[in-house]
2 protein chains.
Amino acid sequence: MPGGRPRSFDADAALDRALEVFWRQGYEGTSLSDLTEAMGINRPSLYAAFGNKEELFGRVLDRYLEGPGAFAADALEAPTSREVVERLVLGAVELTTGDHTPRGCLSVKSVHACGPDSAPVRQDAVGRRKAGEAALRRRLERATDLPPGADPGVMAGLVHTITDGIAVQAAGGRGREELRQVADLALRALLGSDQR
Amino acid sequence: MPGGRPRSFDADAALDRALEVFWRQGYEGTSLSDLTEAMGINRPSLYAAFGNKEELFGRVLDRYLEGPGAFAADALEAPTSREVVERLVLGAVELTTGDHTPRGCLSVKSVHACGPDSAPVRQDAVGRRKAGEAALRRRLERATDLPPGADPGVMAGLVHTITDGIAVQAAGGRGREELRQVADLALRALLGSDQR
DNA sequence: GGGGTAATGTACCGATAGGTAAAAAATTTC
DNA sequence: GAAATTTTTTACCTATCGGTACATTACCCC
């Protein structure tokens, strides 16, 4: 029934190219020409396949969270809350200082796309961040290995504050090894230095 | 000798208006029309007084660091390293969640202006951040009240990671009171809960 | 091998970006 | 008051922004 000319590109591969550009240059710093060039398609193809720039960014953010950023959701399944926090913090270092990916975190960058035209994109990013933090809070509420009297909500807030800070530091040029030392110190301070 | 028509606006007041706009919308998200409207001057006056957008931003960043951001340099003069860290972290909360100023930190936002045209501005911001962190590291190296075996460089990196994270959280909408609780928890973890 | 259909390539749209030329206006010095 | 000087005003520049109209091409079905 459908017929029609088949598309000449792989949509997922094109999304990956778009992800690379948005991750490196941010939403506001990326033009449609940057995108079409990187994706290897022309403008009408982009619009037909992905909607406009804003919708494309939403698709890209999905892909980011399901791909490079998936460690954050996965970490919540660790058996102990200690391990959850460790995986989040150390994972943030690896994510934001990759050799083959841009420095920093796409989600953190998106929060800082604060021009008038970027409001929907920023709101979207903020919403997803809040959902992620709520999930961490619920995970910590369920934990039995927290220090007595610890507030899971505040604890979740601090963990996300630290991972956000790691992203900023990476975007600001701090290298992976240095950032690992910082992360280790943060974990020792947060969780104590004992083995379990 | 000089003569000439006197300028009809106060340059410092105009810089403050420009600061407000850049702080709220970021470098990339702010247009010259946004600036001239907020500053109450027209375009050629802006260029004559401040150079181009990039130079204006440099002047604004100076003013930010000497004004709202001055607490960070001042904190280094506290008598104990414990107090230095406290003033940095708590000061970051106040700075980024002010009722009459935009949410977040202009310096952290500038690191995330990562489009091709923003490279000089980003580099400038990164340079100033590194200088600030080097100053903190030197202050901690000189301290006598650090735990034995603590690495001042890594410690300085962690403190800046936390203040950066606070800025991201504020930009992402977390309120002042919540962020104070997060900061308090961070300080207890970093410095212990004892009184001195 | 023709229809129907959907993607492609080209060429364009109005709006806005950052930046400036040139004349008019306001001041000082003489 | 006239010359010199500096700012303001108005009008404009080119380049690029995000987005689209339209004709062409390549496929499926019959």
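Conventions we followed
- Residues numbered from 1 in each chain as written.
- Chains lettered and ligands numbered in written order.
- Predicted model: local features only at pLDDT ≥ 70, side-chain atom pairs only at ≥ 80, totals over all residues.
- Heavy atoms only, no water.
- Domains from an automatic or database assignment.
- Contact = heavy atoms within 4.5 Å.
- Buried area = accessible area lost by both parts, 1.4 Å probe.
- Salt bridge = Lys/Arg side-chain N within 4 Å of Asp/Glu carboxyl O.
- Polar contact = N/O pair within 3.5 Å; in protein donor to acceptor, adjacent residues only side chain to side chain.
- Nonpolar A, V, L, I, M, F, W, Y, C, P; charged D, E, K, R; others polar.
- Helix = DSSP H or I, 4+ residues; strand = E, 2+ residues; numbered from the N terminus.
- Buried < 20%, exposed > 50% of the residue type's maximum accessible area, 1.4 Å probe, protein only.
- Core = buried A, V, L, I, M, F, W, Y, C linked by side-chain atoms within 4.5 Å.
- Near = heavy atom within 4 Å.
- Least-squares fit on C-alpha atoms with pLDDT ≥ 70 in both.

Where an unreviewed UniProt entry is consulted, chain A appears under the name AcrR family transcriptional regulator, with the organism given as Nonomuraea dietziae.

Undergrad: Which residues make up the domain arrangement of chain A, and what values do they have?
TA: Residues and elements named next belong to chain A. Partitioning chain A into structural domains gives domain 1 (11-64) and domain 2 (69-191). Computed from C-alpha coordinates alone, the two centres of domain 1 and domain 2 are separated by 25 Å. Counting residues at the interface gives 14 residues for domain 1, matched by 22 residues for domain 2. Between domain 1 and domain 2 the total buried area reaches about 1500 Å² when both faces are included, carbon and sulfur atoms providing 64% of it. Applying the counting rule to domain 1 against domain 2 returns one salt bridge. Note that Asp-62 and Arg-128 form a salt bridge whose closest N and O atoms lie 2.6 Å from each other. At the boundary of domain 1 with domain 2, the tally comes to nine residue pairs in polar contact (both at pLDDT 80 or more). Its residues assigned to classes, the side of domain 1 that touches domain 2 comprises eight nonpolar, one polar and five charged.

Undergrad: If you had to explain the interface of chain A and chain B to someone new, which residues and values would you point to?
TA: Of the residues lining the interface, 37 residues belong to chain A; the matching set on chain B comes to 37 residues. Interface area for chain A against chain B, summed over the two sides, is near 3100 Å², with a carbon-plus-sulfur share of 67%. Summed over the shared surface of chain A and chain B, the result is two salt bridges. Ionic pairing is found between Arg-174 of chain B and Glu-133 of chain A, a salt bridge with its closest N-O pair at 2.2 Å. Elements represented by at least two residues in the side of chain A that touches chain B include exactly helix H1 (11-25), helix H7 (106-111), helix H8 (119-141), helix H9 (152-171) and helix H10 (176-191) of chain A. At 13 residues, H9 of chain A tops the list of elements feeding residues into the side of chain A that touches chain B. The class makeup of the residues in the side of chain A that touches chain B is 17 nonpolar, twelve polar and eight charged.

Undergrad: Go over the pattern of salt bridges with me, naming the residues and quoting the values.
TA: Here the idea is simple: oppositely charged side chains can pair when their charged atoms come close. Counting across every chain of the model gives 26 salt bridges over all chains. Between Arg-63 of chain B and Asp-16 of chain B there is a salt bridge, with its nearest N and O atoms 2.6 Å apart. Here Asp-16 of chain B lies in helix H1 (residues 11-25) and Arg-63 of chain B lies in helix H4 (residues 53-66), a separation of 47 residues in the sequence. What makes Arg-63 of chain B partly exposed here is its relative accessible area of 24%. Across the pair Arg-82 of chain B and Glu-86 of chain B runs a salt bridge, and its minimum N-O distance is 3.9 Å. You can see Arg-82 of chain B and its partner Glu-86 of chain B sitting in helix H6 (residues 81-96), four residues apart, about one turn around the helix. On the basis of relative accessibility, which here comes to 29%, the residue Glu-86 of chain B falls in the partly exposed class. Via salt bridges that share partners, Glu-94, Arg-176, Glu-177 and Arg-180 of chain A belong to a single interconnected network.

Undergrad: Describe the nonpolar core, naming the residues involved and giving the relevant values.
TA: Ranked by internal contacts, the top residues of the largest apolar core, which has 67 residues, are Phe-50 and Leu-56 of chain A together with Phe-50 and Leu-56 of chain B. With eight residues, H1 of chain B is the single largest residue contributor to this core. Beyond its immediate sequence surroundings of up to four residues, Leu-56 of chain A is in contact with Leu-15, Ala-18, Phe-22, Leu-35, Met-39, Leu-46 and Phe-50 of chain A. By size, the runner-up hydrophobic cluster in this structure holds 56 residues, among which are Leu-76 and Met-155 of chain A together with Val-89 and Leu-185 of chain B.

Undergrad: Please set out the protein's contact with DNA strand C residue by residue, giving values where relevant.
TA: For DNA strand C, the set of nearby residues contains 25 residues, the closest of which are Gly-4, Asn-42 and Ser-45 of chain A together with Leu-32 and Tyr-47 of chain B. Of what DNA strand C places within 4 Å of the protein, 66% of the atoms are sugar or phosphate. At a separation of 3.4 Å, a phosphate oxygen of DNA strand C approaches a polar side-chain atom of Ser-31 of chain B. A distance of 2.7 Å separates a phosphate oxygen of DNA strand C from a polar side-chain atom of Tyr-47 of chain B.

Undergrad: Residues and numbers for the relation of the copies chain A and chain B, please.
TA: Taken as rigid bodies, chain A and chain B are interconverted by a rotation of 180 degrees and an axial shift of 0.0 Å, the fit giving an RMSD of 0.0 Å. Overall, the copies show the geometry of a two-fold rotation axis. No C-alpha of chain A approaches the rotation axis more nearly than that of Gly-165 of chain A, which lies at 1.9 Å. Taken as a fraction of all interface residues of chain A, those also at the interface in chain B reach 100%, which identifies the copy contact as same-surface.

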